[in-house]
Structure formats: C-alpha cells, structure tokens
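Notes for the structure review
Spelled out from the first residue to the last, the chains are:
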Amino acid sequence: MNLTTRAQSKSQSKSQSPSDDSKATTPQPQKPNSPRPSSANRKKSSEIADTKAKRTRTGCLTCRERHLKCDEALGRCLNCRKSDRTCRRGVRLNFIDIQTVAPPHTITRAQGAKLTFRDDSRIIASEYVGGFERYPPPQPDSPIQERRQIQHEALNFMGPDQLASLFQSVAHSFDPSEFNIPHSATTDFLFGTDPWHDPHLGHGDELLPHGTSHFAQKLAMKQYSSASFTDPEQTFLLQLFVEEVGPWIDSMDPMRHFTQILPLHAIDEPMLLKALVACGARHASLIDPSYGVEKVHHYYDAANQDLLHAVQDPDRDSVLCATVALLLGIYEMMASQPLTNHISGSRALIRECGWMAKTPSLGGSCFWISVSMEVLHCLNHTCPLSWNPDTWGVDMHMDQIQPFYKGDDQWLHRIIYICAKIADFRFSTQHLQSLNDPSKSTQLNEVVQEWNHYNGLCEQWANSIPRSMKPLSTIQPWQTEQKSKFPNIWILKRPAIISQLYYHIACIVLARAHPMASSLHLEMRKMQQPHAYSVCGLAANLKDRGMSNISIQCLTIAAESLEARNAQEEVLDILDVITRNTHWNLESIKERLKRHWGWSHSETVDPAHMHNDFYDLDPTLTIHGSEFPTGIANPLLDSGDFSMENHPYQGYYVAPHHQGLGQYNYSSYLL
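Residues numbered from 1 in each chain as written. Predicted model: local features only at pLDDT ≥ 70, side-chain atom pairs only at ≥ 80, totals over all residues. Heavy atoms only, no water.

Regarding the overall build of the protein
What counts here: Strands are runs of DSSP state E lasting at least two residues, helices are runs of H or I lasting at least four, and both sets are numbered from the N terminus onward. A simple rule labels every residue: compare its accessible area, found with a 1.4 Å probe on the protein chains alone, to the largest value its type can have, and call it buried under 20%, exposed over 50%, or partly exposed in between. In this analysis, two residues are considered to be in contact whenever any of their non-hydrogen atoms come within 4.5 Å of each other. Calculation of accessible area relied on Shrake-Rupley with a 1.4 Å probe; when residues are assessed, cover is drawn exclusively from the protein chains displayed.
A count of helical and extended segments in the protein gives 27 helices and two strands. Out of the 671 residues belonging to the protein, those deemed buried represent 45%. A sequence separation of at least 24 residues applies to 69% of the contacts in the protein between residues at least 6 apart. Total accessible area on the protein is roughly 36,400 Å²; 52% of this is exposed by carbon and sulfur atoms.

Dropping the structure here:
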C-alpha cells in the first residue's frame, strides 16, 4: 500500500513535465526495514517542518486554561463563540514568592546619587479596603508640634524659587540656579542630609564644594614646605601659640588642626602666619606684662590688613579667610579692648563657605569652635542663638549604632545640639507672663510638654552614650580624706569630659527654665544640686589646660546653683588655681558669683562692663562696644551674616564670584 502525503504528491506532480510522462513509472513499494535514501529523508523532514503548527502567543486566557489552540481572533475567538464562553484576555502572572515585611525606617541615599526616595506605600495602601489599617499609626519625632508646624507651613508656602534663595542664604556660596538644585535637594540640605560626600569632588574640594580652594587642596594633599622658620621672634610666638593658646581652641577638634596641622602650613601662607603669631603675642603680653604692647598691635594690624584686603577680592580663598578670621576673633577675646568685629566676621565667613555640622576636616572644626562657644554664651546670659540648631545637620538618631571611628565626636555634637535647643527654649519662655490663669492652661501644657521633651532628650543621651563617654570612676567626698565637697570624677578622653560638662549644664539650665518653677521651686533646686556638684568636681580635678576655657564657663553656670557656703568658697579656690595655671584674670567672675550668692551688696555694676570683662576669655563672643541692647546679649544676632544690614567688614566686603545675587530674608526661619 502506497502512503504518500499531500505535500509529496503535489511536489511530484510539479516536478514532472509533459515530455517525461512516457518515462514515468509507478514507484515500487519499499520494504518496511529497508533504509530510505538520505536525500528523500531530508526532503520529507523539511516538508513536515513547514507544515508543523506554530504556538500562539496572543491567544486568550480561556483557551489557554482549556488547553486549546486559539485562533487569536480579536473581540471573541472562534472556540469561545462555539462554546459560548467568556473570552478573557490579558497577561497571566504567577506570584510564587509572596512576602510581607515592615517598611524600612529610612532609605540611605547612595553616594553621588542625584535623586531622592519617597515612600508612598501608605497612600497606595489607603486605596484598598483595609490597607491603611495594616500600617501602624505614624509617630512624630517629638511631642512638640507647634514650632515644627510653623516651620513646615512656611516651607510649604514658599515656592521652589524661594526655597532656593533660602538655601543660598543659609549656606552662602551655594548657587541653586547654577547647580540646578531641585526642591527636594534644597530641603534635604537644610534638614539633615549630608552634602559633603560627593565622589566627584577632588582633594580639598569638600571644604568648598562651590569652588576651588588652593589652601584646602594643600590641607588634603598634605603639601608642606621644606623651609624652616629663621626669625627667633616669630618662632617664639608661634611656639607659644601651639603650647598655650591652641590646646583650648582644639578642645572640640580630634584632628588638632590649630596645634598640629595649621602651623605646618604657616610658612607658605603669610596671612595665616601673621594671625597665629598675633595670638601668640597677645598671650605673651598676658603672662608677661613687660612684653611690649606695640609688638602685639604690630602683629595684629599686619594680619588684620591682610584679611581686609582679601575679603575685597571676589576670587579669594574663602577657606583661608574664614580660618584667619576665626584666629583674629580669638585674639579679640584675649585683648583687653576689642578692635574690630572679627568674631562676627568669622561666623559670616563660615556661613559663606557653607560649613555645617557634617563638614569634614578644618571646616567642621571651625564650625564647632564657633557654635559651641556661642551655646555656652547663650546659656550663661539667657539669650537666643543666631543659628537655628535644626539647620546644623546633626544626626540625632541616638538609637542607631554609630561607627567606632566617629562615635565619641557624634555624641559630643548631640549634647551640644541639646544644649542649644534648651538655650532657645529658656529664652522663648522667660518673657511669658504668669500662666496660672485658667485661660492659659493650653499654653502652659504645651510649654510643659516641650520641657518634658528636652528632659527626655537629656535622659536618652545619658542612657545611650557608649562606655568610653562615661566616667571611669566617681569617688564621693566622704570616701576620701580630702576636705573637698565635690566628687572626684575621672574620665579618660577629652571628648567625654566636654560631653559630661555640657550634659550637666543642660540639666541645670533646664531645671531653671521649668515653666512651673514657682510652684516646683524645691523640686527644681533639688534637681540642680547633683549636676552642679558634678561640674565642680570635674573642673576641680581637670588637669588638661586645653579645656580651661570651657571648664571656667561651665563652672560659672553650675556654681550659681550651690547653696552651701563651704562649697561656694571651694569654687573660688578652684578659680584661683585656674588663674595660677593659665594667667587669666578671673576676678570679674568671682565678683559675679559673690553677688549672686548674696555675699556682698555693693554698688551696682554696669552689665555691659561685666559682660566685656567676662568675655575677655571667650574666643568667639566678645561684645564690641561699651553698650548693647537690653535683652539681646548675643552680638551674632545682628552681624553674624553678610546678608544682614549690619554685616561685618563694612566698606571692605565684596561677594565672591560664586555667590549668587539673590538673597532671601531667612531670619524669621532661623531664630
């Protein structure tokens, strides 16, 4: 029996021509086991492959589930019409791995990424039945909503252009229009993201991201000159600065820029050398009255003229100018009479450079030197800060584990931030009238709630700090044969000592600022006593001369809370010891404490005179002039920024080329 396919018969009929009909013969049947010719086998396989059914790719889901071939007709396929079924189309997805996890607390932006992440999972889930209820209710960062609500409403009210101007005014030298900074990036910079870790920045550019600083590049590349000093006078004064003045400037800087790094670059930077030598000369005149005052003024005038000439140049090195201005501000602190406004000028130049809490290297050191001393000043004189702490960029996530190499400094910055918030809180509540009126109960509850929030921050900080930040030993007075009334507290590291001083001062000032202090007078006095005794104990047993400036100011604040006469007398003895070791005149502080304790009721002293006498010790906060407005004891409020009308370096300052022309009045958002 001959079995031929339709395709074979068709091909055979086409291959035979009319002239070959006579030669055509009937093919003989082949035996089942006989092999076919290879050419015929190849021909048959190719013909069968051409007629093989192809797999449909756009068929309906109904035919796919019935395992039928769909003719892929649009609308309704043939199989569905015949069986009167619903022709379902679409893409069938198989969800094999289904997992549900809690959303992350925060999403860290990759280094160098030019985007931000936004979590809309709550909004999307709310569109489904029961979806929103599966999420826990959002918890605010703090119970204080009034101030943050005002701040957020102000930012939401402003458009992207105004926010860009606000960004520029807070961190001068950043031009949003030039760098195409989006709205989200602007707010990220103001409220905590870190703009200082861009992999595209070169060596030293992290100190001046908007431009180039040759001085910053030399710092980063460690390019030192091989030359040496040959002038004996300069060598003596520079050595005096490194050994006597620099240590308490570097008390907040673990890298010791002012004692170990900047002197190495002084021989290549004449303006920096003159500023360092001027500070050394001022200190020499304090410890040795025979040292000529004319020499002191000569070195200062030389450095001052160089700085004033530099701020007139729009192509200046802003990093070098800010460093020199800070040094000259320290000189003004040590001078008996202030000469110029370099304290405010250094703060304005720091803002021009855009230095913040997370700025690395020298920029961060200058920022924390300026800010920390202002915080102590505001705590001492009940005045507000000129720079809103919420814009510093301090990481306040105290429940997260920090890298070991920056843990101590991170905790120190956090307690300074807490002190700054307490200083602003104390100033904002001191002018409130009596809140005993029932109509003001709501306001009283809000203030008490805010007080509890800051008290909780202090407790959280004390409970969360690592072991290296805690005292190694605390020996009470009754455990020793010494006659001291204060405990002997032993702490190893300098950042830990400073942190503990700030912590105890924060608790003391917070107790004084309680809104119900009149009715809780005894409780608040009892709260202050252990912290005051701890500060006095730390100051009495402190051997590090580099921390004398901070310990004096903390001791002054804490001593006002002492009630025992013998403890008060011991504080005066501690101040005498500091005077012998540092050659600083602390008589004005001793008289201030005696008046506060009620020891003497002599004639009234001019507050401005008391202020200037006291801040002959302060490296950043000397009041210039014999008078200052009542209620405003912080000079940086009026002249701490070049955008202000009374900005420093009047008649000399010229905006750098990288700074935009548009300015925005941001004082209402920073104070």
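A word on helix α23 (residues 565–582)
Put simply, the test is: What a helix should span is 1.5 Å times the count of its residues minus one.
With 18 residues, α23 extends 26 Å from end C-alpha to end C-alpha; this agrees with the ideal 26 Å at 1.5 Å per step. On its buried side, α23 packs onto α13 (270–287), α21 (521–540), α22 (548–559) and α24 (587–597). Of the residues flanking the end of α23, it is His583, one or two places downstream, whose phi is positive at about 65°.

A look at the pattern of salt bridges
Keep this limit in mind: For salt bridges, the criterion is a side-chain nitrogen of Lys or Arg within 4 Å of an Asp or Glu carboxyl oxygen.
Per the counting criterion, the structure on display carries 16 salt bridges. Between Glu352 and Arg316 there is a salt bridge, and its shortest N-O distance comes to 2.9 Å. Within this pair, whereas Glu352 is found in helix α16 (residues 342–353), its partner Arg316 is found in the loop between α14 (293–311) and α15 (318–334), the two being separated by 36 residues in sequence. Of the residues examined, Arg316 reaches a relative accessible area of 7% and is grouped as buried. Close ionic contact of Asp390 with Lys421 constitutes a salt bridge, the shortest N to O distance being 3.1 Å. Linking Asp390 in the loop between α17 (361–381) and α18 (407–430) with Lys421 in helix α18, this pair joins segments that are 31 residues apart in sequence. Of the residues examined, Asp390 reaches a relative accessible area of 25% and is grouped as partly exposed. On the accessibility criterion, Lys421 (12% relative accessible area) is buried. Several salt bridges share partner residues, and in doing so they unite Arg512, Glu560 and Arg592 into one network.

Let's talk about the packing of aromatic side chains
Note the threshold: Two rings belonging to Phe, Tyr or Trp (six-membered ring only in the last case) form a pair when the distance between their centres is within 6.5 Å. Interplanar angles under 30 degrees mark stacking, angles over 60 mark edge-to-face geometry, and anything in between is tilted. Here, a charge over a ring is recorded when the distance from Lys NZ or Arg CZ to the ring centre is within 6 Å and its angle to the ring normal is within 35 degrees.
Tallied over the entire structure, the rule returns 11 aromatic pairs. Seen in terms of ring centroids, Phe486 and Tyr533 are 5.4 Å apart; in terms of plane orientation they differ by 65°. Their pairing is edge-to-face. Taken together, the residues Phe486 in the loop between β1 (473–475) and β2 (488–490) and Tyr533 in helix α21 connect sequence positions 47 residues apart. For Tyr533, a relative accessible area of 22% puts it in the partly exposed group. Grouped by ring-pair contacts, the aromatic residues Phe367, Trp368, Trp387 and Trp392 constitute a single cluster. A cation over an aromatic ring shows up here: Arg351 above the ring of Trp387, its NZ or CZ 4.4 Å from the ring centre. Geometry around Trp599 places Arg565 over its ring, the cationic atom sitting 3.7 Å from the centre.

Describing the environment of Ala266
By the element assignment, Ala266 lies in the loop between α12 (257–265) and α13. Along the primary structure Ala266 and Val277 are separated by 11 residues, whereas in three dimensions their C-alpha atoms are 9.8 Å apart. Excluding anything up to four places from it in sequence, Ala266 contacts Phe229, Leu272, Leu273 and Leu276.

Points about unusual backbone geometry
The general pattern is negative phi for most residues beyond glycine and trans for most peptide bonds. A positive phi angle, near 50°, is found at Thr382, a position not held by glycine. Tracing the sequence through the fold places Thr382 in the loop between α17 and α18. When its relative accessible area of 17% is taken as the criterion, Thr382 is described as buried. At Tyr649, a position not held by glycine, the phi torsion is positive, near 60°. Secondary-structure assignment places Tyr649 in the loop between α26 (636–639) and α27 (667–670).

Regarding a nonpolar patch on the surface
Put simply, the rule is: Candidate patch residues must exceed 30% relative accessible area and have no salt bridge, after which like charges are joined if within 9 Å and Val, Leu, Ile, Met, Phe, Trp or Tyr side chains if within 5 Å.
On the surface, Leu472, Trp490 and Leu492 cluster together into a nonpolar patch covering about 330 Å² of accessible area. By the secondary structure assignment, Leu472 is in the loop between α19 (441–464) and β1. You can call Leu472 partly exposed: its relative accessible area is 40%.

Remarks on the nonpolar core
Basically, it comes down to this: Among buried residues, the Ala, Val, Leu, Ile, Met, Phe, Trp, Tyr and Cys ones that are joined through side-chain atoms within 4.5 Å form a nonpolar core.
Counting 138 residues, the largest nonpolar core has Phe258, Val375 and Trp392 as the members making the most contacts within it. Residues Cys60, Cys63, Cys77 and Cys80 belong to the second largest nonpolar core, which totals six residues.

A word on the side chain of Ser213
For the record, the criterion: Here a polar contact means two N or O atoms within 3.5 Å. Within protein one must be a hydrogen donor candidate and the other an acceptor candidate, and residues neighboring in sequence count only if both atoms are side-chain atoms.
Positionally, Ser213 belongs in the loop between α9 (183–190) and α10 (214–221). Note on Ser213: relative accessible area 0%, which makes it buried. Of note is the side chain of Ser213, whose polar atom sits 3.1 Å from the backbone nitrogen of Ala216.

What about the environment of Arg592?
Note that Arg592 resides in helix α24. Sequence separation between Arg592 and Thr556 is 36 residues; the distance between their C-alpha atoms is 9.0 Å.

As for the state of the cysteines
Cut-off, in case you're wondering: Count a disulfide wherever a pair of cysteine sulfur atoms falls within 2.5 Å.
Applying the stated criterion across every chain, the model contains zero disulfides. Summary of cysteine pairing: Cys77 is not part of a disulfide, and the nearest cysteine sulfur, belonging to Cys80, is at 3.3 Å. Exposure remark for Cys77: the relative accessible area of 0% places this residue in the buried category. Of all cysteine sulfurs, the one in Cys378 lies closest to Cys383, which takes part in no disulfide; the gap is 3.7 Å. For Cys383, a relative accessible area of 0% puts it in the buried group.

Digging into the packing of helix α11 (residues 232–249) against α12
Keep this limit in mind: Lines fitted to the C-alpha atoms define the axes, with helices restricted to the stretch that makes contact. Angles between their N-to-C directions range from 0 to 180 degrees. Between 65 and 115 degrees an angle is taken as roughly perpendicular, under 35 as roughly parallel, over 145 as roughly antiparallel, and anywhere else as oblique. The nonpolar class holds Ala, Val, Leu, Ile, Met, Phe, Trp, Tyr, Cys and Pro. Asp, Glu, Lys and Arg form the charged class, and all remaining residues, Gly among them, are polar.
In contact at an axis separation of 8 Å, α11 and α12 are set at 125° when each is read in the N-to-C sense. Taken together, α11 and α12 sit at an angle that is classed as oblique. In contact with Phe241, Val242, Gly246, Pro247 and Ile249 of α11, α12 contributes Phe258, Thr259 and Pro263. Broken down by class, the residue content of the contact of α11 with α12 amounts to six nonpolar, two polar and no charged.

Focus on the side chain of His531
Within the fold, His531 resides in helix α21. Looking at His531, its side chain comes within polar contact range of the side chain of His504, at 3.1 Å. Those residues within four positions of His531 in sequence are excluded, and the remaining contacts are Tyr503, His504, Cys507 and Ile508.

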